[in-house]
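Geometric and topological summary
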Amino acid sequence: MYSVKSCVFCNLDLDSHQNIILSNDECLFLQLNESNKEGGLLEGAGVIVPKKHRETVFDLTESEWNQTYSLLQEVKKYLDQEYNPQGYNLGWNCGAVGGQHISHAHFHVIPRFKDEPFAGKGIRYIFKSKKNVRK
C-alpha cells in the first residue's frame, strides 16, 4: 500500500536529486539533476506537482488547477530562456495502467529540440505503434 510518508513529492528530502526551480502558493516545479545535462534525454524536463498530496490530476482542487496553469506559464518562460527548446510535450499519467509510477499527481513538462532523433514525434507516437495493439 502507498504511504504519503514515502512520497518523494510530499517529502522532497527523500530524493536529493530533485530540485525546486519555481513555486507558487500551491504548486512546485521540480527538476532532477539529470535535467541539466546538455543534450541529455531529459534536458530541461521537470514536473509540476501540487504541494498537498493528490493522487491524480482528477483530485486537484479548482485552485490547484488554476495555480498549475499559472506556474506552467512561468515554467515555459524559464525553460525558453534557459534551454531554448523548439517545442514541448506536456502530460499527466494517471493510474498504473496510464503509466503513473508515483501516486502523487505530477504534470510532465518536457522540452523538445529540433536536433533530437525523434523530433516531430509526439506523445501519440507510442500509441500508433503496432507493438501496442491490444489483443
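Our subject is the structure that appears above.
Residues numbered from 1 in each chain as written. Predicted model: local features only at pLDDT ≥ 70, side-chain atom pairs only at ≥ 80, totals over all residues. Heavy atoms only, no water.

Attention shifts here to the environment of proline 111. Secondary-structure assignment places proline 111 in strand β5 (residues 107-112). Between the C-alpha atom of proline 111 and that of asparagine 89, which follows or precedes it by 22 residues, the distance is 6.5 Å. (Helix = DSSP H or I, 4+ residues; strand = E, 2+ residues; numbered from the N terminus.)

Turning our attention to the pairing of strand β1 (residues 18-23). In the sheet, β1 pairs with strand β2 (residues 27-32) via 5 bridges, with the strands oriented antiparallel. Its bridge partner lying in β2, asparagine 19 is registered against glutamine 31. Joining the antiparallel neighbours β1 and β2 is a turn of 3 residues. (Pairing = 2+ DSSP bridges.)

Here the focus is the sheet that holds β5. In space, the 5 strands of this open sheet follow the order β1-β2-β3-β5-β4, with antiparallel pairing throughout. Single-partner strands in this sheet number two, and they are β1 and β4 (87-92). Taking each pair of neighbouring strands and ignoring which way they run, the sheet shows an average axis angle of 25°. Summarising the sheet, β2 and strand β3 (residues 46-50) pair through 4 bridges and their orientation is antiparallel. Each residue of the ladder has a partner; that of phenylalanine 29, found in β3, is isoleucine 48. Strands β1, β2, β3, β4 and β5 of the sheet are contacted by helix α1 (residues 62-83), whose axis makes an angle of about 35° with β2. (Axes fitted to C-alpha atoms, helices over the stretch in contact; angles between N-to-C directions. Contact = heavy atoms within 4.5 Å.)

Let us now look at the state of the cysteines. Throughout the structure, instances matching the rule amount to 0 disulfides. Cysteine cysteine 10 is unpaired, with the sulfur of cysteine 7 as its nearest cysteine sulfur at 3.7 Å. Looking at cysteine 10, the relative accessible area reads 26%, which means it is partly exposed. With no disulfide of its own, cysteine 94 has cysteine 7 as its nearest cysteine by sulfur position, at a separation of 15 Å. (Disulfide = S-S within 2.5 Å. Buried < 20%, exposed > 50% of the residue type's maximum accessible area, 1.4 Å probe, protein only.)

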